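Geometric and topological summary
If you want the building blocks of each chain, they are given just below.
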Amino acid sequence: MKKLLMITVCMATLFARSDAQEEVRYRARRAAICSKRMLPLLLSMLIGVLPGGAAPLEIKSPNLEPPRQGKPYPPIEVSVGGGRLLSHGCPVTASIETPERGEWAMITDGNKELDNGVTLVKFAPGVQWVQVDLRTSQVINAVCVWRHAEWSGVCRDMVVRLSDDADFGEGATTVFNNDHDNSAGLGAGGDKEYIETNRGRPISVPSLRARYVRVYGNGMYLEGRRFDPFNYCSEIEVYGGETTSEEKMPIKFTYPRPMFK
Ligand SMILES: [Ca+2]
Ligand SMILES: [Ca+2]
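Figured I'd write up the structure that's included with this text. Since this is a predicted model, take the numbers as computed values, not measurements.

**Structural notes on the overall build of the protein chain**
- Along the backbone of the protein chain there are one helix and 14 strands.
- Within the protein chain, the fraction of its 261 residues that count as buried is 36%.

Structure below.
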């Protein structure tokens, strides 16, 4: 009986210590994030732009996926030859002529490092899109989108469509849509909203042939129930190509260093 009591006390102590250590780690991580963001926060307040958030703890949305806590999305397996990066350096157009910050070409330049907004393209508020032209119609197996991983936010109404028509008039296929309440007016989708991280959002595509990839957005939810109506994107990658073997391989995405997990 005495032995059992001692074991129980020891286990309780261990768990308590583990919780305390977790709390210390959490506070240190949050402090690091907050201090790293203090300058941009002050600058953005000075110039009247909505300030960036801290850790993604108070973002509320009825359609948000459960916190991933650093866990990556499942690998996207494709037949050998079907995982080539097709989009690097491809022309980019958008729903508006000129971005607020950056250039459209930055969306396919391969640079998605989180670097105080240097690699970010910021563009108009409301429902807007950016579009990658692969130059020829190609087999697409995956699209990965990095919107704004420097703020802990959720980009609203992300819809990804493929088409051979630059105007998306006919024959467009939707491969991702997390606009559950149709607030963008493109039709309701069944995908989940997600918190932006350095891993972006990889989307599996069932070997569809298309020349154009269009990514819609409609502003960004931030921590503390704030909302930024502007749209952001740092990189869109399109993977695919003709397969050369039946053997399956996971697509190897490259990630920028994380700001948080
Ligand atoms: Ca880029
Ligand atoms: Ca919506």
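**Things to note about the environment of V121**
- Structurally, V121 is set in strand β4 (residues 121-123).
- Residues V121 and H148, 27 residues apart in the sequence, show an inter-C-alpha distance of 9.1 Å.
- Non-local contacts of V121, meaning those with residues more than four positions away in its chain, are made with P99, R101, G102, W104, M106, I107, Y232, C233 and S234.

**Focus: the sheet that holds strand β11 (residues 226-228)**
- The sheet built from three strands is open, its strands ordered β6-β10-β11 with antiparallel pairing. On the outer flanks of this sheet lie β6 (154-155) and β11, each paired with one strand and no other.
- Taken together, the three bridges between strand β10 (residues 220-222) and β11 define a ladder with antiparallel strand orientation. When the bridges of β11 are listed, Y221 appears paired with F227.

**Description of unusual backbone geometry**
- The backbone of N182 sits at a positive phi, close to 55°, despite the residue not being glycine.
- Note on placement: N182 falls in the loop between β8 (173-177) and β9 (201-217).
- The exposure class of N182 is exposed, given the 12 C-beta atoms found within 10 Å.
- Positive phi outside glycine occurs at S207, with the angle close to 45°.
- Following the sequence through the fold, S207 ends up in strand β9.

**A look at the nonpolar core**
- Of all hydrophobic cores here, the largest spans 48 residues; its most connected members are V130, V143, V213, V215 and I236.
- Here this core gets nine residues from one element, more than from any other, and that element is strand β5 (residues 128-146).
- In this view, V143 contacts V160, V175, I203, V205, V213, I236 and V238; residues no more than four positions away in its chain are not counted.

**What to know about the environment of L85**
- For L85, the position within the fold is in strand β2 (residues 84-85).
- Here L85 falls in the partly exposed class, since 19 other C-beta atoms lie within 10 Å of it.
- For the pair L85 and A142, spaced 57 residues apart in sequence, the C-alpha separation works out to 9.4 Å.

**Focus: the pairing of strand β7 (residues 159-163)**
- Counting buried residues in β7 gives five out of five residues, a clear majority hidden from the surface.
- Both faces of β7 are covered, namely the face carrying V159, R161 and S163 and the face carrying V160 and L162.
- Note: β7 against β8, four bridges, orientation antiparallel. Along β8, the bridge assignment pairs R161 with T174.
- When β7 meets β9, the two strands line up antiparallel, connected through five bridges. By the bridge assignment for β9, V159 is matched with Y216.

**Concerning the environment of L134**
- Structurally, the position occupied by L134 is in strand β5.
- Residue L134 is classed as partly exposed on the basis of its 19 C-beta neighbours within 10 Å.
- In this structure the C-alpha to C-alpha distance between L134 and G89, which are 45 residues apart in sequence, comes to 9.2 Å.
- For L134, the residues in contact, after removing those within four places along its chain, are L86, S87, C90, R211 and V238.

About the criteria used
Residues numbered from 1 in each chain as written. Chains lettered and ligands numbered in written order. Predicted model: local features only at pLDDT ≥ 70, side-chain atom pairs only at ≥ 80, totals over all residues. Helix = DSSP H or I, 4+ residues; strand = E, 2+ residues; numbered from the N terminus. Buried ≥ 20, exposed ≤ 12 C-beta atoms within 10 Å, placed from the backbone. Contact = placed C-beta atoms within 7 Å. Pairing = 2+ DSSP bridges. Core = buried A, V, L, I, M, F, W, Y, C linked by C-beta atoms within 7 Å.

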